[in-house]
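# Architecture at a glance
So the chains spell out like this:
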Amino acid sequence: MKKNMITGSKLWSIAMITSLLAACSSPATTSTTANAATSTTGTTKTVSVSEQTSVKYADLVSLDADDTNISWSEADSTAIKLNGTTATVTGSGAKAANGSVTISEAGTYVLSGELTDGQIVVNVADKGTVHLVLNGATIHDNDSAAIYIQKAGKAVITLEKGTKNTVSDGKTYVYADATKDEPDAAIFSKADLTFNGAGQLTVTGNYNEGITSKDDLKIISGSISVKAADDGIKGKDMVAVQAGTITIEAEGDGIKSTNDTDTTKGYVAIAGGTFDIQSGNDGIQAETALVADGGTYNIVTGGGSTNAPAKVEEGPFGGGGGWGGGTPPTDMGTPPDGEPPADMPEMPNNSGTNAGANTNGAAASNSANTTTTTTTDNNADADTATTATESTSAKALKAGTDLTVNGGTYTIDSMDDSLHSNNNVTVNDGTFSIESGDDGIHADQALTINGGTITIAKSYEGLEGAMITLNDGDVDVTASDDGVNAAGGETETAANTAASTDSATTATDAATTSNISVTETTGTTSTTDQASQGTAVNQQGRGPGGMGGAAASNNEFHINGGTLTVNAGGDGLDSNGSINMTGGTVIVNGPTNSGNGALDYDGTFEISGGYLVAAGSSGMAQGTSDASTQNTIVMTFPATQKAGTLVHVQDSEGNNILTFAPAKDYQTVVVSSPDLAKDGSYVIYSGGTSTGKAVDGLYTDGTYSGGTQVVAFQSTSSVTWVNESGVTTANTGMGGPGGGGQGGFGGGRNRSQSGTTSDSTVTTDSAK
């Protein structure tokens, strides 16, 4: 059977890139080997991950003349007039008998009228193309598929412009052979199946599925509405949508591909269209790759985010962090610009037992939506439960390998992850409005954002992946637990480090070579050298008090540009490994409980560019690392400051460094700016007002006045920790044994003095 999809070499290339990127996304590590007295960590140079590929619809799908052919004439076609339980055939190639019509020759067949209990069967021995034109046809079969493409080279169904067509089946099927389970959809094809035209088609799959192809399924145009007892639209080798209006109400998956034996197939590719999908399970699910170039999507899965099961936060040695950890607050605060955050799901207190506690809570966000609410596998497939209870995957966009979004407008309310891949997720563009009962965007390996506007108004964890890279775009995250969580991926032991390091390096070399045959690349997902991560000497920016978390892993979070705003009940930015920032603007409204921190990392946080402000509780507070080339101030107030209370930092000449109104109560503020000097003199104020305009609480212009001076000080290093008494060391209070740093509370007197500054500006490098 001739495939008009993509050249064999390109298919091989995509398959190879998928596997190689998976290998590169989890670079080998030298893990910490510890005993009761000592710990030693080798030096690991992690390999550079090649640029994320920007695969597009045209790279996967090719159309032939039959796919786009909507023309027909009475002279060159066979007319099939349906009438109750009978049909009249005018022309050659088809016969009517016993209430059904069998088409045995290639050609064009025009169907009209109504068949109340019968079947249209296509059985063409010569493998030719059968063109079915639905010209105001209603077809129903009580006990089988209403349209059954049994054998053909290809079947093309044209929806005649201006017509309404209906296809449906009964709730029970009768099979001639009891060992068979096909057909099982109202429209069922064993051959390539294409829909085109400008008419309307309503499909009701009462038995099982609405539309199924055991080969390729393409939708070129038309208005198609499907209601199904299980899956709405399913293609084995691929589902390709070029345009059209598609409405699906399915108890199972909305749209899916299923080939799990050939890595070059089993994908979903969408160029555009309008989609309204309500599904009990996944909205759009690809066995391998899912590519969306554009379109308008409204997707609700599993009854929506409000239907998600409650999450159980990690215990004292896991993601909850700290002895005081526990339920993230449901009150996420109101941003100063007056936009109330979405209601967050109510989280249970630390009740129950969390088996197999996992660093920084990655397991909880990777869990499936099942009747159980805990998992033990940090990188388990989200469709796998930890008990015998059957799991339900109710993700909006889901890919078995890579999920690539090149554009489109997405409104998603998902019980499970909104965007999910068992491998990599790449967002190059698009507008997203997300409410998720679990992760907003989740990648088992690399999550790369190169552009777009992403608003995650509700989630358990906002962004999660083993390696997360923000190159550009505007991202706004609200999460009841971690806002951004770099966790999961492959883990290594000391015994297999050398072998896996060699293997990862070899894979990287191969990936570099194979990238020659890949389409354009967008953005960069890169790693940095990590020397002796997990040892005390490299836990820079942390206080020495308390028990440290687990040794740093290979997980990384890279911020190279764009804007990121986080409102998190758990950790704001969380990495089981390291964080690296070279550009962009990051605003974090972190936790109010001291069991989490606005910043939480196990390796290092090196900043060399961009603008960072992070406010939150003080118990687990961390700053950036001493190795950073851009300077940072970490201020701990003597008492908790109320949400909306301005914190203002200016230099000795009155130039504005920061004017910020956190959305929630806070006690520690971290600010890093290109305008901060290592030996500069600064004054910090609390309260007051600004005449400027706030965006996510950050004022970029106007005049600040009326505040109370908290402290004046001279910075002494790349990371200067201060309290109301002046420069101090990193917090020394007893922190918990969670994934983040240790902190305490500033002591001493409160200095009161009013201050005023004018013509304030703040540097915001968004690296557009």
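Our subject in this report is the structure included herewith. These figures come from a predicted structure and were not determined experimentally.

This brings us to the overall build of the protein chain. When its secondary structure is counted, the protein chain shows five helices and 60 strands. For the protein chain, the exposed area adds up to about 26,500 Å²; of that, 48% sits on carbon and sulfur atoms.

If you walk through the whole model with that rule in mind, you get eleven salt bridges. Ionic pairing is found between D64 and K154, a salt bridge with its closest N-O pair at 2.8 Å. Of this pair, D64 sits in the loop between α2 (57–60) and α3 (65–68) while K154 is found in strand β12 (residues 154–159), placing the two residues 90 residues apart along the sequence. When sorted by exposure, D64 lands in the same class as K154, which is buried. Put simply, D64, D67, K154 and K218 are held in one network by salt bridges that share partners.

Right, let's get into the packing of aromatic side chains. With the rule as written, the count across this model stands at ten aromatic pairs. Aromatic side chains F275 and Y297 sit 4.7 Å apart centroid to centroid with 5° between the ring planes, which places their arrangement in the stacked category. Note that F275 is positioned in strand β25 (residues 274–279) and Y297 in strand β28 (residues 296–301), a separation of 22 residues in sequence. Considered together, F275 and Y297 belong to a single accessibility category, that of buried residues. Taking the centre distance of 6.1 Å and the plane angle of 40° together, the rings of Y682 and F713 count as tilted. Of this pair, Y682 sits in strand β53 (residues 681–686) while F713 sits in strand β57 (residues 704–714), and the two are 31 residues apart along the sequence. The class of F713 is buried, set by a relative accessible area of 8%.

With that settled, consider the pairing of β28. Only one face of β28 is covered, namely the face carrying Y297, I299 and T301; the face carrying T296, N298 and V300 is uncovered. Bridge count between β25 and β28: six bridges; the pairing is parallel. Each residue of the ladder has a partner; that of T274, found in β28, is T296. Where β28 meets strand β31 (residues 409–414), six bridges bridge the pair, whose relative direction is parallel. From the neighbouring strand, T296 faces β31, where its bridge partner is T409.

The rules we used
- Residues numbered from 1 in each chain as written.
- Predicted model: local features only at pLDDT ≥ 70, side-chain atom pairs only at ≥ 80, totals over all residues.
- Heavy atoms only, no water.
- Helix = DSSP H or I, 4+ residues; strand = E, 2+ residues; numbered from the N terminus.
- Areas by Shrake-Rupley, 256 points an atom, 1.4 Å probe, with all protein chains shown as cover.
- Salt bridge = Lys/Arg side-chain N within 4 Å of Asp/Glu carboxyl O.
- Buried < 20%, exposed > 50% of the residue type's maximum accessible area, 1.4 Å probe, protein only.
- Phe/Tyr/Trp six-rings, centres within 6.5 Å; stacked < 30°, edge-to-face > 60°.
- Pairing = 2+ DSSP bridges.

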